[in-house]
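Breakdown of the fold
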Amino acid sequence: MFRHCLIIAFIFSSSLNLRAQESEKPEQSNLAAGRLIPASTSMTTAWDIPRDPVSDLSLEGTPDGEEIRLGYRIFTNTHGEAPGITGNLVSCGNCHLNAGQREKALPLVGVAEVFPEYNKRAGKVFSLEDRIVGCFLRSENSGAHPESILQSKEIRALASYITWLGTEYPKGSSLPWRGLNVIENENRLPLDKLDTKKGEKLFVLNCSNCHGTDGQGVQIGDKKAGPLWGPSSWNDGAGASRIYTLAGFIRYAMPYLNPGILTDEEAQHIAMYINSQVRPTFMHKTDDYRTEPLPPDAVYYRGAGGTTDNLREKR
Ligand code: HEC
Ligand code: HEC
């Protein structure tokens, strides 16, 4: 009982600390509030791009401007603009909504300044460019060689666009809008409590009118949601192939026009359903998690086809 109280007191005081820290940086929160599309959006703001390099005339005719604009075009139409290094039909902007400028939809504003940063999956420090190569190899299911992706003009262009999104934030900034697409530890259900049948029902009810019951995406106006599974989706080494990671996206960013209506539990059942489907295989899974423990929700790294000797779970 006493221990219980201590834990509650600790959680309470650490959340107070967090608030105190936040209130010391009002300018950053305000900046973000003005720069990001709110998480709950309407049909109109769903298409808004607060910082759009195409309409920003100061970029006209400058070499940097051209690169930033190319980066933006690749970000929003990845298979169309970077076909040589893209292996599916899911653009960066399908997951990083409003071209990386929507709150609680994996926003990338200011994120360039956080790098270099330690990457747990790789067990080494990543530059922004290394991180983007990872996105191609996994979220974009690229069949190209990592080194040739790293050297490509597409990576330089994407890094320029993402850097330009946050030029006013100094190196090492802590960004209050970063890392909010998460299911908190205490609300994570163990995987054996997640039910693909429940997930399927919830999917049909809340998602299938835009994603199709086959998960392949339905055309709505000029938008088409990407394939959530099957050969044209992200591969099984992607962040979105982890149950809690995908649930954190769904919980706050979907359904597209009224995000936030699902509970943590519902989002996890749906993520379990989506990631119980067949998707492309990432060929280099055995190189992942060699230093850090395999996360419990990396479901495609276990069982048939996934488990390898060096992927023993470390606790
Ligand atoms: C299928 C969904 C999906 C697609 C497509 C996708 N990403 Fe991501 N991205 C994520 C998720 C989820 C995360 C964060 C969690 C993780 O990967 O573990 C992330 C993280 C990132 C980060 C790091 C953000 C941070 O705060 O540290 C960058 C940068 C990034 N993505 C860029 C891109 C680029 C560029 C593309 C296109 C080439 C892309 N992503 C495509 C889902 C996606
Ligand atoms: C009103 C239509 C609509 C509904 C309903 C909807 N989505 Fe989406 N979803 C989209 C669109 C459109 C995109 C692509 C976003 C873009 O291109 O800007 C998307 C993107 C996604 C993505 C990113 C990867 C990809 O392949 O595009 C996931 C994952 C996702 N939705 C899951 C869900 C889930 C789960 C539900 C139900 C809880 C849901 N969505 C409900 C329209 C919808």
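As the structure is a computational prediction, the values presented were derived from the model and not from experiment.

Some thoughts on the site of ligand 2
Among the 23 residues in the neighbourhood of ligand 2, the closest are listed as Asn-94, Cys-207, Cys-210, Gly-226 and Tyr-256. Within the residue set of the shell around ligand 2, elements represented by two or more residues are helix 5 (92-95), helix 11 (208-211) and helix 12 (243-253). Grouping the constituent residues of the shell around ligand 2 by class yields 16 nonpolar, 6 polar and 1 charged.

Quick notes on helix 13 (residues 264-274)
Judged by how many residues are buried, helix 13 sits mostly within the fold: 9 of 11 residues are covered. Along its buried surface, helix 13 packs onto helix 10 (196-206) and helix 12.

Some points on unusual backbone geometry
Among all residues except glycine, the phi angle is most often negative; among peptide bonds, the trans geometry is most common. For the peptide bond that leads from Phe-115 to Pro-116, omega is 0°, which places it in the cis range. Within the secondary structure, Pro-116 is located in the loop between helix 6 (97-100) and strand 1 (117-119). The peptide bond linking Met-254 to Pro-255 adopts the cis configuration, its omega dihedral lying at -5°. Secondary-structure assignment places Pro-255 in the loop between helix 12 and helix 13. Phi is positive for Ala-99, close to 55°, though the residue is something other than glycine. The topology assignment puts Ala-99 in helix 6.

So, the packing of helix 12 against helix 13
Axis separation between helix 12 and helix 13 bottoms out at 8 Å; the angle between their running directions is 125°. Classified by the interaxial angle, the pair formed by helix 12 and helix 13 is oblique. In the packing of helix 12 onto helix 13, the handedness of the crossing is right-handed. Residues Ile-243, Leu-246, Ala-247, Ile-250 and Arg-251 of helix 12 form the contact with helix 13, whose participating residues are Asp-264, Ala-267, Gln-268, Ile-270, Ala-271, Met-272 and Ile-274. Residue classes in the contact of helix 12 with helix 13 are distributed as 9 nonpolar, 1 polar and 2 charged.

Topic: the site of ligand 1
Taken together, 24 residues lie near ligand 1, and Cys-92, Cys-95, Cys-135, Ser-139 and Gly-239 sit nearest. Going through the elements one at a time, helix 5, helix 7 (128-137), helix 9 (153-164) and helix 12 are the ones with two or more residues in the shell around ligand 1. The dominant element in the shell around ligand 1, judged by the number of residues it contributes, is helix 7, at 4 residues. Looking at which domains feed residues into the shell around ligand 1, each of domain 1 (35-164) and domain 2 (185-311) gives three or more.

Focus on the nonpolar core
Counting 32 residues, the largest nonpolar core has Phe-75, Ile-132, Phe-136, Leu-158, Tyr-161 and Ile-162 as its most contacted members. At the level of secondary structure, the elements contributing two or more residues to this core comprise helix 3 (63-76), helix 7 and helix 9. Excluding anything up to four places from it in sequence, Phe-136 contacts Ile-85, Ser-142 and Ile-149. One finds Leu-194, Trp-234, Ile-243 and Met-272 within the second-largest nonpolar core, a separate group that totals 31 residues.

As for the confidence of the model for the protein chain
Averaged over all residues, the pLDDT of the protein chain equals 86, while 84% of them reach at least 70. Counted against residues more than four places away or in other chains, residues 1-31, with its pLDDT under 50, gives 5 contacts. The model gives residues 304-315 a pLDDT under 50, and that stretch makes 16 contacts with residues more than four places away or in other chains.

What to know about the environment of Trp-164
Considering the arrangement of structural elements, one finds Trp-164 in helix 9. C-alpha separation for the pair Trp-164 and Gly-110, spaced 54 residues apart in sequence, amounts to 8.5 Å. Ignoring sequence-local partners within four residues, the contact set of Trp-164 consists of Pro-53 and Ile-68.

Re helix 10
By the burial criterion, the buried members of helix 10 are Gly-199, Leu-202 and Phe-203. The arc enclosing the buried residues of helix 10, seen along the axis, measures out at 105°, which places them on a common side. For helix 10, the exposed residues lying more than 90 degrees away from the buried face are Lys-197 and Leu-205. If you follow the buried residues of helix 10, they end up packed against helix 11 and helix 13.

Quick notes on the rules
Residues numbered from 1 in each chain as written. Chains lettered and ligands numbered in written order. Predicted model: local features only at pLDDT ≥ 70, side-chain atom pairs only at ≥ 80, totals over all residues. Near = placed C-beta within 6 Å. Helix = DSSP H or I, 4+ residues; strand = E, 2+ residues; numbered from the N terminus. Nonpolar A, V, L, I, M, F, W, Y, C, P; charged D, E, K, R; others polar. Buried ≥ 20, exposed ≤ 12 C-beta atoms within 10 Å, placed from the backbone. Contact = placed C-beta atoms within 7 Å. Axes fitted to C-alpha atoms, helices over the stretch in contact; angles between N-to-C directions. Parallel < 35°, antiparallel > 145°, perpendicular 65-115°, else oblique. Left-handed = near helix turned anticlockwise from the far one by under 90°. Domains from an automatic or database assignment. Core = buried A, V, L, I, M, F, W, Y, C linked by C-beta atoms within 7 Å. pLDDT = per-residue confidence, 0-100. Arc of directions from axis to C-beta.

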